[in-house]
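Spelled out, the chains give:
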There are 4 protein chains.
Amino acid sequence: MTGYFDAIPPLSFDPDADGPAFRHYDPGEMVMGKRAEDQLRFAVAWWHGFGWEGGDPFGGRTFDRPWFPADTMDLAEQRVDAAFDFFRILGAPFFCFHDHDVRPEGASLSESRDRLNRIADLIGAKMENGGPRLLWGTANLFTNRRYMAGAATNPDPDVFAHAAATVRDCLDVTHRLGGENYVLWGGREGYETLLNTDMLRELDQMGRFLSMVVDYKHKIGFKGTILIEPKPQEPTKHQYDFDVATVYAFLMRHGLEKEVKVNIEQGHAILAGHSFEHEIALANALGIFGSIDMNRNDPQSGWDTDQFPNNVPDVMLAYYEILRGGGFTTGGTNFDAKIRRQSLDPLDLVMAHAGAMDVCARGLKAAARMLEDDRLEAARRDRYAGWQRAEAQAMLAPGATLDGIADRATAAGLDPQPVSGRQEILENLVNRYV
Amino acid sequence: MTGYFDAIPPLSFDPDADGPAFRHYDPGEMVMGKRAEDQLRFAVAWWHGFGWEGGDPFGGRTFDRPWFPADTMDLAEQRVDAAFDFFRILGAPFFCFHDHDVRPEGASLSESRDRLNRIADLIGAKMENGGPRLLWGTANLFTNRRYMAGAATNPDPDVFAHAAATVRDCLDVTHRLGGENYVLWGGREGYETLLNTDMLRELDQMGRFLSMVVDYKHKIGFKGTILIEPKPQEPTKHQYDFDVATVYAFLMRHGLEKEVKVNIEQGHAILAGHSFEHEIALANALGIFGSIDMNRNDPQSGWDTDQFPNNVPDVMLAYYEILRGGGFTTGGTNFDAKIRRQSLDPLDLVMAHAGAMDVCARGLKAAARMLEDDRLEAARRDRYAGWQRAEAQAMLAPGATLDGIADRATAAGLDPQPVSGRQEILENLVNRYV
Amino acid sequence: MTGYFDAIPPLSFDPDADGPAFRHYDPGEMVMGKRAEDQLRFAVAWWHGFGWEGGDPFGGRTFDRPWFPADTMDLAEQRVDAAFDFFRILGAPFFCFHDHDVRPEGASLSESRDRLNRIADLIGAKMENGGPRLLWGTANLFTNRRYMAGAATNPDPDVFAHAAATVRDCLDVTHRLGGENYVLWGGREGYETLLNTDMLRELDQMGRFLSMVVDYKHKIGFKGTILIEPKPQEPTKHQYDFDVATVYAFLMRHGLEKEVKVNIEQGHAILAGHSFEHEIALANALGIFGSIDMNRNDPQSGWDTDQFPNNVPDVMLAYYEILRGGGFTTGGTNFDAKIRRQSLDPLDLVMAHAGAMDVCARGLKAAARMLEDDRLEAARRDRYAGWQRAEAQAMLAPGATLDGIADRATAAGLDPQPVSGRQEILENLVNRYV
Amino acid sequence: MTGYFDAIPPLSFDPDADGPAFRHYDPGEMVMGKRAEDQLRFAVAWWHGFGWEGGDPFGGRTFDRPWFPADTMDLAEQRVDAAFDFFRILGAPFFCFHDHDVRPEGASLSESRDRLNRIADLIGAKMENGGPRLLWGTANLFTNRRYMAGAATNPDPDVFAHAAATVRDCLDVTHRLGGENYVLWGGREGYETLLNTDMLRELDQMGRFLSMVVDYKHKIGFKGTILIEPKPQEPTKHQYDFDVATVYAFLMRHGLEKEVKVNIEQGHAILAGHSFEHEIALANALGIFGSIDMNRNDPQSGWDTDQFPNNVPDVMLAYYEILRGGGFTTGGTNFDAKIRRQSLDPLDLVMAHAGAMDVCARGLKAAARMLEDDRLEAARRDRYAGWQRAEAQAMLAPGATLDGIADRATAAGLDPQPVSGRQEILENLVNRYV
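If you're wondering where the values come from, they're calculated on a predicted model, not measured in any experiment.

Trainee: Looking at this model, I keep getting lost on the packing of helix 6 (residues 157-176) of chain B against helix 7 (residues 199-220) of chain B. Mind explaining?
Mentor: The angle between the axes and the distance between the axes are what describe a pair of packed helices. All names here are of chain B. Axis separation between helix 6 and helix 7 bottoms out at 11 Å; the angle between their running directions is 30°. Considering the angle they form, helix 6 stands roughly parallel to helix 7. At the point where helix 6 passes helix 7, the crossing takes the right-handed sense. Across the interface between the two elements, Phe160, Ala163, Ala164, Val167, Arg168, Leu171, Asp172 and His175 of helix 6 pack against Gln205, Phe209, Met212, Val213, Tyr216, Lys217 and Ile220 of helix 7. Here the contact of helix 6 with helix 7 is composed, by residue class, of 10 nonpolar, 2 polar and 3 charged.

Trainee: How should the UniProt feature "binding site: Mg(2+) 2" (unreviewed entry) in chain A be read in this particular structure?
Mentor: In this numbering, the UniProt entry assigns the feature "binding site: Mg(2+) 2" (unreviewed entry) to Glu265(A), His268(A), Asp304(A) and Asp306(A). Maximum C-alpha separation among the annotated residues is 10.3 Å over a sequence range of 42 residues, consistent with a single clustered spot. For Glu265(A), the position within the fold is in strand 10 (residues 260-265). For Glu265(A), a relative accessible area of 1% translates into the label buried. By secondary structure assignment, the location of Asp304(A) is in the loop between strand 11 (289-294) and helix 11 (312-324). Once you skip the residues sitting within four places of it in the chain, Asp304(A) turns out to touch Lys231(A), Glu234(A), Glu265(A), Gly267(A), His268(A), Leu271(A), Asn297(A) and Phe58(D).

Trainee: Help me out: how do you make sense of the sheet that holds strand 8 (residues 225-228) of chain C in this one?
Mentor: As a general point, the strands of a sheet are linked pairwise by backbone hydrogen bonds and lie either parallel or antiparallel. Residue and element names in this part refer to chain C. With parallel pairing, 8 strands are arranged side by side around a closed barrel as 3-4-5-6-8-10-11-12. The sheet shows a mean angle of 30° between the axes of neighbouring strands, taken without regard to direction. Two elements, strand 8 and strand 10 (residues 260-265), share 3 bridges in a ladder whose sense is parallel. Bridging from a neighbouring strand, isoleucine 228 pairs with valine 262 of strand 10. Set on the sheet, helix 7 (residues 199-220) makes contact with strand 6 (181-184), strand 8 and strand 10; between it and strand 8 the angle comes to about 160°. The strands touched by helix 11 (residues 312-324) within the sheet are strand 3 (42-45), strand 11 (289-294) and strand 12 (333-335), with strand 11 carrying the most contacts at an inclination of about 165°.

Trainee: What is the right way to look at the interface of chain B and chain A in this model?
Mentor: You'll often see interface size given as the accessible area lost when the parts meet. With 93 residues of chain B in contact, the opposing surface of chain A contributes 93 residues. Summing both sides of the interface, chain B and chain A together bury roughly 8,400 Å²; the carbon and sulfur share of this comes to 64%. Of all residues in chain B, Leu195(B), Tyr384(B) and Leu402(B) give up the largest surface area on contact with chain A, accounting jointly for 10% of the area buried on that side. Summed over the shared surface of chain B and chain A, the result is 6 salt bridges. For the salt bridge of Asp407(B) with Arg168(A), the shortest nitrogen-to-oxygen distance reads 2.8 Å.

Trainee: Looking at this model, I keep getting lost on the domain arrangement of chain A. Mind explaining?
Mentor: Here the domain parsing of chain A yields domain 1 (30-373) and domain 2 (384-431). Between domain 1 of chain A and domain 2 of chain A, the C-alpha centre-to-centre distance is 41 Å.

Trainee: When you look at the relation of the copies chain B and chain D in this model, what are you seeing that I'm missing?
Mentor: Copies of the same chain, two in number, are related to each other by a rotation about an axis and a translation along it. The two copies are related by a screw motion: chain B maps onto chain D through a turn of 180° and a shift of 0.0 Å along the axis, at an RMSD of 0.0 Å. On the angle and the small slide along the axis, the relation comes out as a two-fold axis. For chain B, the smallest separation between a C-alpha atom and the rotation axis is recorded for Pro299(B), amounting to 3.6 Å. Looking at the interface residues of chain B, 100% of them are also at the interface in chain D, so both copies use one shared face.

Trainee: For this particular structure, what's the right way to read the packing of aromatic side chains?
Mentor: One pair of aromatic rings is described through two measures. These are the centre distance and the angle between the planes. Within the structure shown, the criterion is met by 112 aromatic pairs over all chains. Both rings, one in Trp52(A) and one in Phe63(A), keep their centres 5.3 Å apart while their planes meet at 85°; by these two values the pair is edge-to-face. In this pair, Trp52(A) sits in the loop between helix 2 (46-51) and helix 3 (73-90) while Phe63(A) sits in the loop between helix 2 and helix 3, placing the two residues 11 residues apart along the sequence. Note on Trp47(C) and Trp136(C): the rings are 5.6 Å apart at their centroids and 35° apart in plane angle, and the pair reads as tilted. Of the two residues, Trp47(C) is situated in helix 2 (residues 46-51) and Trp136(C) in strand 5 (residues 133-138); the sequence distance between them amounts to 89 residues. The buried category is assigned to Trp47(C), whose relative accessible area is 12%. Owing to a relative accessible area of 2%, Trp136(C) belongs among the buried residues under this scheme. Three or more aromatic residues link up through ring pairs in this structure, and these residues are Tyr4(A), Phe5(A), Trp46(A), Phe50(A), Trp67(A), Phe68(A), Phe84(A), Phe86(A), Phe87(A), Phe95(A) and Phe97(A). Directly above the ring of Phe63(C) sits Arg65(C), whose terminal nitrogen or CZ lies 4.5 Å from the centroid. In this structure, Lys338(D) packs its charged tip against the face of Trp52(D), placed 4.7 Å from the ring centre.

Trainee: For this particular structure, what's the right way to read helix 11 of chain A?
Mentor: Each full turn of the α-helix corresponds to 3.6 residues, which orients residues three or four apart in the same direction. All names here are of chain A. Taking 1.5 Å per residue, 13 residues should reach 18 Å; helix 11 reaches 18 Å between its end C-alpha atoms and fits that length. Within helix 11, burial applies to Val312, Pro313, Val315, Met316, Ala318, Tyr319, Tyr320, Glu321, Ile322 and Leu323. Of the residues that open helix 11, the one with a side-chain oxygen 3.1 Å from the backbone nitrogen of aspartate 314 is asparagine 311. Following helix 11 by one or two positions, glycine 326 adopts a phi angle in the positive range, close to 105°.

Trainee: Whenever I open this one, the packing of helix 3 (residues 73-90) of chain C against helix 12 (residues 346-373) of chain C confuses me. Can you help?
Mentor: Residue and element names in this part refer to chain C. Contact geometry for helix 3 and helix 12: axes closest at 10 Å, N-to-C directions at 40°. Comparing the axis directions of helix 3 and helix 12 gives the class oblique. Of the two possible hands of crossing, helix 3 and helix 12 adopt the one that is right-handed. Between helix 3 and helix 12, the residues in contact are Phe86, Ile89 and Leu90 and Leu349, Val350, His353, Ala354 and Met357, respectively.

Trainee: Help me understand the pattern of salt bridges in this model?
Mentor: For side chains bearing opposite charge, pairing can occur when the charged atoms are close. Following the criterion strictly, the structure yields 132 salt bridges over all chains and no others. Salt-bridge contacts for Asp158(A) lead to Arg389(B); the nearest nitrogen and oxygen are separated by 3.2 Å. Of this pair, Asp158(A) sits in helix 6 (residues 157-176) while Arg389(B) is found in the loop between helix 13 (375-383) and helix 14 (390-396), placing the two residues in two different chains. Within this structure, Asp158(A), Arg389(B), Glu391(B) and Arg408(B) form a network of salt bridges that share partners.

Trainee: Would you take a moment to explain the interface of chain B and chain D for this structure?
Mentor: With 43 residues of chain B at the contact, the number on the chain D side is 43 residues. For the pair chain B and chain D, the two sides together bury roughly 3,200 Å², of which 39% comes from carbon and sulfur. Interface area lost by chain B to chain D is led by Gln300(B), Glu424(B) and Asn431(B), which between them contribute 17%. Counting every contact that joins chain B to chain D gives 31 residue pairs in polar contact (both at pLDDT 80 or more). Mapped by element, the contributors of at least two residues to the side of chain B that touches chain D are helix 11 (312-324), helix 12 (346-373), helix 13 and helix 16 (423-431) of chain B. Among the elements that take part in the side of chain B that touches chain D, helix 12 of chain B stands out by supplying 7 residues, more than any other.

Trainee: Can you walk me through the UniProt feature "binding site: Mg(2+) 1" (unreviewed entry) in chain A in this structure?
Mentor: Residues and elements named next belong to chain A. UniProt's feature table lists "binding site: Mg(2+) 1" (unreviewed entry) at Glu229, Glu265, Asp293 and Asp336, given in the numbering used throughout. For the residues just named, distributed over 108 residues, the greatest C-alpha separation is only 11.7 Å, placing them together at one site. Among the structural elements, glutamate 229 can be located in the loop between strand 8 (225-228) and strand 9 (238-239). Look past the residues within four positions of glutamate 229 in its chain and what remains in contact with it is Trp136, Val183, Leu184, Trp185, Gln239, Asp241, Asn263, Glu265, His268, Asp293 and Asp336. Mapped onto the elements, aspartate 336 comes out in the loop between strand 12 (333-335) and helix 12 (346-373). By relative accessible area, aspartate 336 is classed as buried at 7%. Side chain to side chain, aspartate 336 and tryptophan 47 meet in a polar contact 3.0 Å long.

Trainee: How should the sheet that holds strand 10 (residues 260-265) of chain B be read in this particular structure?
Mentor: Residues and elements named next belong to chain B. Spatial strand order, 3-4-5-6-8-10-11-12: 8 strands in a closed barrel with parallel pairing. The average undirected angle you get between the axes of adjacent strands in this sheet is 30°. Packed on one face of the sheet, helix 10 (residues 276-286) meets strand 10 and strand 11 (289-294) and runs near 165° to strand 11. Sitting on the sheet, helix 11 touches strand 3 (42-45), strand 11 and strand 12 (333-335), and the angle it makes with strand 11 is about 165°.

Trainee: Teacher, can you tell me more about the relation of the copies chain B and chain A here?
Mentor: With an axial shift of 0.0 Å and an RMSD of 0.0 Å, the rotation relating chain B to chain A amounts to 180°. Of the residues that chain B buries at the interface, 100% are likewise interface residues in chain A, meaning the two copies contact each other through the same surface.

Trainee: Explain the pairing of strand 3 of chain C here, please?
Mentor: Remark: a regular strand shows side chains that alternate across the two faces of the sheet. Residue and element names in this part refer to chain C. Side chains Phe42 and Val44 project from strand 3 onto one buried face, and the interleaved Ala43 and Ala45 project onto a second face that is buried too. Both strand 3 and strand 12 contribute to a ladder of 3 bridges, which runs parallel. Paired with phenylalanine 42 across the bridge in strand 12 is threonine 333. Two elements, strand 3 and strand 4 (residues 94-98), share 3 bridges in a ladder whose sense is parallel. Bridging from a neighbouring strand, valine 44 pairs with phenylalanine 95 of strand 4.

Each value, and the rule that gives it
- Counting starts from 1 at the beginning of each chain's written sequence and moves along it residue by residue.
- The order in which chains are written sets their letters, starting at A; the order in which ligands are written sets their numbers, starting at 1.
- Owing to the predicted nature of the model, reporting of local features is limited to residues with pLDDT of at least 70; listing and counting of side-chain atom pairs is limited to 80 or more, with chain, interface and lining totals taken over all residues.
- Just so you know, side-chain values use all the structure's heavy atoms and leave hydrogens and water out.
- Under this scheme, a helix contributes an axis fitted over its contacting stretch, all axes are lines through C-alpha atoms, and angles between N-to-C directions fall in the 0 to 180 degree range.
- A run of H or I in DSSP counts as a helix once it spans at least four residues, and a run of E counts as a strand once it spans at least two, with each numbered from the N terminus.
- Each angle is binned into one of four classes, with values under 35 degrees roughly parallel, values over 145 roughly antiparallel, values of 65 to 115 roughly perpendicular, and all other values oblique.
- It is the rotation of the near helix from the far one that decides the hand of a crossing: anticlockwise by less than a right angle makes it left-handed, clockwise makes it right-handed.
- By definition, residues are in contact when any of their heavy atoms lie within 4.5 Å.
- For this classification, Asp, Glu, Lys and Arg are treated as charged, while Ala, Val, Leu, Ile, Met, Phe, Trp, Tyr, Cys and Pro are nonpolar and the rest, including Gly, are polar.
- UniProt positions are given in the numbering used here, feature names are shortened, and annotations may be inferred rather than shown by experiment.
- Classification of residues uses two cut-offs on accessible area relative to the type maximum, computed with a 1.4 Å probe and protein chains only: under 20% is buried, over 50% is exposed, and between them is partly exposed.
- Two strands pair under a simple rule: DSSP has to find at least two bridges between them.
- Summed over both partners, the accessible area (1.4 Å probe) lost when two parts come together is defined as the buried area.
- Definition used for salt bridges: Asp or Glu carboxyl oxygen within 4 Å of a side-chain nitrogen of Lys or Arg.
- Start and end points for every domain follow an automatic or database-based domain assignment.
- Residues below a pLDDT of 70 in either copy are left out; the C-alpha atoms of the rest, at least 70 in both, set the least-squares superposition of the copies.
- Aromatic rings from Phe, Tyr and Trp, with only the six-membered ring used for Trp, were paired whenever their centres fell within 6.5 Å, and each pair was classed as stacked if the ring planes differed by under 30 degrees, edge-to-face if by over 60, and tilted otherwise.
- A ring has a charge above it when a Lys NZ or an Arg CZ is no more than 6 Å from the ring centre and no more than 35 degrees off the ring normal.
- Multiplying one less than the number of residues by 1.5 Å gives the expected span of a helix.
- Pairing of N or O atoms within 3.5 Å defines a polar contact, subject to two protein rules: one partner must be a possible hydrogen donor and the other a possible acceptor, and residues neighboring in sequence count only if both atoms are side-chain atoms.

Following this line, the structure appears as structure tokens:
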């Protein structure tokens, strides 16, 4: 037992508390017919919470944790204890992990698998004791130098095979622990320079790999969702899963658009030139929305800052799109967020999560009120009302032709007059809910 | 006759000239088995050359041209004369235009079409006299206020119909003038705010529209290529045809990936977070490469600066990807570039094009030498050579399974060692050709 | 009388209103010892409200206003009427204008001055009738093509002289109308290309110009503040008044740091790579904070979008820095913001301002509560408390030397241990006030 | 002896070589009256060449070097051997280092100093044997966790003192080894969040620190130049030495503008929103140009990529500004550039430098030709020729007043007509030299 978090009692909901507490997140509060906890489905990310040491490109570890460096099984086991202590403080319903977060890599694939299984036994035992559930598992295919030029897209077929074994083992463990999803983030599936890259070949390798993952999921009876997490770049100069639209193109090309969904991260959306709500809305439109990695990217920084969310109006717009799409099914709100490297204390880690959970709860509840009020949706429907006319519908129906429409428009002397888009009035409306 | 360019004699190829001339672009020089002119297929963009008045968001017209404001048919006709004078000076083999560039809009669709046809007669007559050919035509569906909320994606179905009529008329004229392509740039097909937008509906409208355009093309026997021009934003906050991957997703969704290709613009690629060569390489990989809008975006500016290209090493990498993909078929190099608003003189417009043509010729010739030398390609092939092994091929073949590969990798104790990507050495190699 | 805004009654404070009203901005509410109106000092920007026609680089006017195009004195006078009708609806205490916003330019400097004076008479009469006051006046030295290469920094000395005359006339009118500040925004004081630019010469010209403006201010007894408005670029590729630090350097170089302050715009700060609150805090630190142009820049757009603010937490941080610095003196909150070009209706313009005023009032009141609570400030003071020790103070005092400190540190074996920066906990704290 | 580079023979100038050689850099070639070697003054950066292990935020060491991890004096000594072997292969005339690059930190300040001195003895001995000279030394005040919240700007005065001791020791060693400059890069002198930051206090601490460094330099008789290296951010969210203008403001505020100059890095300029040549030109205009860190930043990446330069036209513009300003005095061309983490081989490191040296030599020689031809400068002078008129000069002279100029301009009816800026023609001209 590390005792690392012993000084911090479990947090409870207390809107008037002065000390550590939830001021807005009440797990049992009903929001659009579900408990807030079941709408939000919060998950703690193992890597940032227990694996990250506080380093950045210009400096090393700043955090003192009793389990660093976690390069032995003994320390890895201590870390499991600490993690579950932490989950208990927050009352977190879910967690997420990579293989690399929970066990030191072995000298061989089989040793790595064995270690993963041993830790999974330990985790599983803690889960059975009323602990949190596994939102998703995933394989780290980017830290080890063997993956420096990609995993499924590597020029060396042995790396492809190594990655296949690793994903198989992680999917097995995710299945065994009752994971609700399995995520693939292709952090090195991309390129540093086009000069040495055969892009078509690499994309085909990646498509083949994903198809086999889907087949294997069905073979073992895993009922969770396979999720791809888009990101435009970093660590690579260009990552193939650039954004939601790019992932959708890839899925269509390989016939996987019914099998695989997306896990959308705020910071990755921003780096790709989109708003978070855009990516969610697009995924909903395309039928591939799965889950979110909630965080925030510093708007003045050009890299993935993975900060905890703290802006309620921004978060509200994201949950609004999620609720408009029907809310989460297997997905949830994973905090893919890390405390700043100067936030050294155990309480910093706890309060970063607690503050973010409050921000998300405020955002969710505001979004629910706005959706239930239906004023924004009514305005949206009104704007397109003209398309309900029979003549309009006919233009979208199979028999319509360009010249048929053109002849009609010309003969009728159509001269459509623009109508206000009312953007500022709608923005004001949104501000009434936050 | 405007006489606007009378003081400037036609340019010829003269590497040692001190005054206006081509120093690198020799139309007849053989490059990879074709005349340079036929590899590069230069086109002048009517809008920037003869329509743009030198305004920016903080100031109005700076250019004195005898045909401004071109709001009468008489001035539009003078502009045609000036344009063909200009083409002759450059020896430009192609040009491109929007309807809006060549005729003032009429009070009705039918008047607009009539005017377009009258100007097209004039243009056609000049083309028959040994003038340049039409690389592509297109409809301007963004300047008139009726399109402020989109054309095909407009909330008002009458705007959709108006756009259909306009595109029909432009496609007719493009066909009549022997255009080799027809371009759709959806400058307002996107949104300013998600709050008033039904994205799925708008995407479906856009898909329906494009399908009808393709059907109409076949109906009238137009043999040219239909091209979509991606751009991430501007004027809209978000434009649906964000980049090549997004367009591909859209085409796949509507079953049009065999019918429509892309016209890739350097500045648009940059604004979307990609290099120009990335977008070309990706389009080639996906089988949808069509044509390019050559220009350059100021790397310190966050908007579409549409400057003339002037960096040979950058341009060379773009042509290298084009040549690797087999070169242009119906596409070409359209200068979607405008002189700066302080470049007031006729000679500025001429020399901006001439300088860019030289830059492109240098880039093309360097790319051709590099491709013919095969050293870069040999390095690329070597890097993936491991995939030629039977065992590797089997992993990509239909029967392979994740667990099959995983078992083999584990049993074999695979421990692949990374190999240098040699990026800097390859970059040095590239520099030997420019 | 245009009657343009006749259908819209004056807005009042009514937190429970369903229709147009202020829900948060109550001019008479006391905030840190002053009326909210006197803390916020809202101003309407004439150019966006009454001059902007809804154009963007890809399309022209969308707005129907009875006074467009305002190229005659008659229409300019109608515009004055409309503007004051608008001010009355909002109860706006201030407005701001350029010469170019209020009168059509004349054929000569003297005609332009006469026209300006005639309009100023009209404006002055309306101000006397209990109308709003002039927060600041300014000269438009960027729209006319004569200024395409700069005003004070122009390569042509006659342009410098022309600009001097224009600023003199605008400063006279600003003085006559009781303006509380005079602003210089050097929209074209920069360059498009270094290749044709003599930067040192241009900076010296600009310094000389500013010195003469300051001298003239004193000569005529103008008591208002001279303000420079930083912006990094746009319309120029590079603008000399890049950001607050750059302006401070320029003022120091010309000995004007006691005479001139800055007018900081949110969108300009963002384009320069800073947060708005950073620029305000820095200006306060350097003693040159003057006023703000409140707006917001779309985080996914790389140009100056000039939208109305709508994010309360963001705005709150800006007002927090303003209040920490003692609040406005001659400065105020000018909405340098424009409605989107699809926002066609009079009500759009009114509600855009009203919504923004509510957002600012919420932000201000939250900031005031946070400052009065002193919890954040107490945390800040604690963090630096070590510097109160005598030994620490001595290091900053005149006698200290590097080697003296070094010897002491080495002898003492100093090994300072880092302390948590508590960023997330402080961010949570902030969220308790919004 | 590591023997790490033994397989690679020294490179020589051979324009026709097929294997490793300089194709453009001939140290003895005369360029504007100096040997190319003396114009370029190339330096190898110890940290990237011998300290960097190939890690990035998503993965650890990829490079196998016999001296990793260099945490013992024995390995540090091996690294010195390897570095000088490397310098010999390149014929590099200079190198640069941080204390942290060359010696493992000791348990105390005194142990660290002793170790630094021992390594300096070793380095000094190798320099005496005809080895390269020291372009600059510097202290690493950012890697150790004690500096996580800054060095001179730290909230803890003991960190300030620790930093003072460290800089003292590094300056002593730099002086002893004949260093031509001493650099301060304030990688952590900035903030992560304004919420816990007292900016004015921190800026004053930094000013005090720098003043003491300057005093100490004079005390010990160090004749080299003190250089500040601007960077806008990373690792901090905001770094105080944002760009050249910001550093100049800081120097002016503390009366140090005659004592301290700037070391400008290409990638830092880009991250601050400037071109490299802008920052050089501005530093020359302000009289504070010192030295350059040559590298390139990936235009699609938002962080400091520190790649080797490879674009001759870009590099040429930088050297053009350097030559226009009179060339380097104590400064030089330091390659603050690192090979990509996939570039594993010793030859990659050698050829990255060699390729960059060739690129710089091509750029320098093109710049020299352009400057000697004087065509660009003649065009620049012509553009401002009007300012030679007596009337124009008078406007810039002491007696001039705003109203005096205004009256004259108005009376004369000045109506200046714009003249072409000829940007594209000048860009074409530049392309004749590369």
